[in-house]
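Single-letter residue listing:
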Amino acid sequence: MSMKLPRGTQDILPGNSEKWQYIEENLKDLCNRYNYKEIRTPLFEHTELFQRGVGDTTDIVQKEMYTFEDRGGRSLTLRPEGTASVVRSFVENKLFGLPNQPTKLFYIGPMFRYERPQQGRTRQFVQFGIEALGSADPGVDAEVLALAMSAYQEFGLKSLKLVINSLGDTESRESHRQALVNHFDPHREELCADCQVRLDKNPLRVLDCKKDRNHPAMATAPSILEHLNEYSRNYFEQVKANLDTMGINYVVDKNLVRGLDYYNHTAFEIMSDAEGFGAITTLSGGGRYNGLVEEIGGPETPGIGFALSIERLLMALEAEGIELPLDDALDCYFIAIGEEAEKQALKLTYELRKSGIQVDKDYMQRKMKAQFKAADRYNAKYVLILGENELAEQKINVKNMDTGDQVQIAFENITEHMKKELAGGE
Ligand code: HAM
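Each chain has its residues counted from 1, running along the sequence as written. The model is predicted, so local features are restricted to residues of pLDDT at least 70 and side-chain atom pairs to those at 80 or more, both for listing and for counting; the totals for chains, interfaces and linings are taken over all residues. Calculated side-chain values reflect all of the structure's heavy atoms, with hydrogen atoms and water omitted.

1. Re the nonpolar core
Think of a nonpolar core as a cluster: buried Ala, Val, Leu, Ile, Met, Phe, Trp, Tyr and Cys residues, connected wherever their side-chain atoms sit within 4.5 Å. To sort residues, take the accessible area from a 1.4 Å probe on protein chains only and compare it with the maximum for the residue type: under 20% means buried, over 50% means exposed, and anything in between is partly exposed. With 46 residues, the main nonpolar core has Ile23, Phe128, Ile130, Phe306 and Ile310 as its most contacted residues. Pairs of residues are marked as contacts when any of their non-hydrogen atoms sit within 4.5 Å. What Ile23 contacts, discounting residues up to four positions off in sequence, is Phe155, Ile310, Leu313, Leu314, Leu317 and Leu324. Counting residues in hydrophobic clusters, the runner-up holds 43 residues, among them Ile60, Val61, Phe184 and Tyr262.

2. Looking at the environment of Glu48
Counting from the N terminus, the helices are DSSP H or I runs at least four residues long and the strands are E runs at least two residues long. Position of Glu48 among the secondary structure elements: in helix H2 (residues 47–53). With 275 residues separating them in the primary sequence, Glu48 and Glu323 have C-alpha atoms 42 Å apart.

3. Overview of the domain arrangement of the chain
These domain limits were set by an automatic method or by a database of domain assignments. Examined at the domain level, the chain breaks down into domain 1 (17–169 + 229–319) and domain 2 (332–422). On a C-alpha basis, the centroid separation for the pair domain 1 and domain 2 is 48 Å.

4. Quick look at the packing of helix H6 (residues 170–184) against helix H7 (residues 193–201)
Angles run from 0 to 180 degrees between N-to-C directions of axes, and those axes are lines fitted to C-alpha atoms, restricted for helices to the stretch in contact. At their nearest, the axes of H6 and H7 sit 9 Å apart, and the two run at 140° to each other. Considering the angle they form, H6 stands oblique to H7. H6 and H7 meet at a crossing whose hand is left-handed. Across the interface between the two elements, Arg177, Leu180, Val181 and Phe184 from H6 touch Leu199, Asp200 and Lys201 from H7. Of the residues that constitute the contact of H6 with H7, the class distribution is four nonpolar, no polar and three charged. Reported orientations rely on four angle classes, namely roughly parallel under 35 degrees, roughly antiparallel over 145, roughly perpendicular from 65 to 115, and oblique for the rest. For any pair of crossing helices, the crossing counts as left-handed if the nearer helix is rotated counterclockwise from the farther one by less than a right angle, and right-handed if it is rotated clockwise. Under this grouping Gly is polar, as are all residues other than the nonpolar Ala, Val, Leu, Ile, Met, Phe, Trp, Tyr, Cys and Pro and the charged Asp, Glu, Lys and Arg.

5. A closer look at the layout of surface pockets
Each cavity reported here is a set of points on a 1 Å grid over the protein atoms alone in which a 1.4 Å probe fits but cannot get out, each pocket an open set with protein on both sides within 12 Å along at least five of seven lines, and each lining residue one with an atom within 4 Å of a point. Grid points are joined across faces, edges and corners, and a volume is the space filled by probe spheres set on the points. The calculated volume of the second largest pocket comes to roughly 800 Å³. In terms of lining residues, the second largest pocket is bounded by 33 residues, among which Thr170, Arg173, Asp261, Tyr263 and Asn264 are the most central. Elements with a contribution of two residues or more to the lining of the second largest pocket: H2, H6, strand S9 (264–272) and helix H10 (292–295). Per-element accounting of the lining of the second largest pocket gives the leading share, six residues, to H6. Classifying every residue of the lining of the second largest pocket gives eleven nonpolar, ten polar and twelve charged.

6. A look at the sheet that holds strand S3 (residues 66–69)
By definition, two strands form a pair when at least two bridges between them are found by DSSP. Strand order in the open sheet made by the three strands is S2-S4-S3, with antiparallel pairing throughout. In the strand order of this sheet, the two ends are held by strand S2 (44–46) and S3, each with one partner. When strand polarity is set aside, the average angle formed by the axes of neighbouring strands in this sheet is 35°. Summarising the sheet, S2 and strand S4 (residues 75–78) pair through three bridges and their orientation is antiparallel.

Shown next as structure tokens:
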């Protein structure tokens, strides 16, 4: 039997995992600057949470969930996204009662969707997302959009397009919904089977259909923007004005509807404009979801957030030819020749590591020359050499691999010496 990884998943190996770490660290730093705190929720939840939260009529709930029964007969689902879980936790832990509002949270972790795998679409992917709960101030919308754009710009990405729309409040949506039904009903038979169901359950989703994208009725469909009531229209104007004030460019796309049910008011996606990016150009998406907290059993609380996948962020970096500034050099490589020197090396590497210095050594009984080659492969900044002569003098030969300079340092001074060298060399 051959053991292969499951379709739509990947191993992230050394050489590549450093990129992930770099990105994750920088995204955490970005959140810190915006005062978003990390939340970690379970990888699986009760299935009902996503049915209620993400919405029964969405592709995610209908076709893409990894749902299973546990040994106690409960229906559980691997989380397909983060928002429903964050809202569940917000309600369950009564975070709405804390004095600091809005509650600003971020998460990074794997999500699972049973999709047809292709470039930029996998069955396990890592989402970075933020959620701001508790404020209906359009300033929060602008903050979330700003952070979302920065999440790409900080890595040097330039070919970005921010697309926004308003889905309005309940009243506006109801009026739009009726207009959509009136518009598409005469064409019902010409639409795909899914859309015929959507027309009754959630007509907005018809606008997002990939199969019926070119149906002539799509181009003339009523836009939500024509159905916004005064509050919704004003809200959208304020969000746009905030973006203008901050100098953040955007385009309005009245057909942007998003694939999850909980959205209202601000909805947005960030796309890559880079040549050769591939078929899927959406890098991330999000929006406002006032009402979701009540749906999950909490008090009336507005919310807004977004999520991106690190897989697509990496694709965008590749498409724009951006190399991350990774420091893959090893601080020190310890070369010991002879049994007694080997013993000392064990002791000294242990001490160096305890004092915070990165050190590696040979465990393959290599000869001196081969150990130097290993140091080269690790891109070592310093090589610490302990041969017979050095051992007799209780000293280590420290070679700076950049300059070729060598100095002899007594055993007891090596830690302090290396600390100074490494601090000065940076
Ligand atoms: P979403 O649009 O379903 O929204 O996903 C957000 C992002 O996750 C996408 O733009 C994409 O970067 C990434 N993504 C989704 N599916 C896959 C996949 N199969 N493979 C790779 N990347 C994928 C949400 O999930 C919402 N929870 C976002 C949100 C947060 N809205 C408000 N708060």
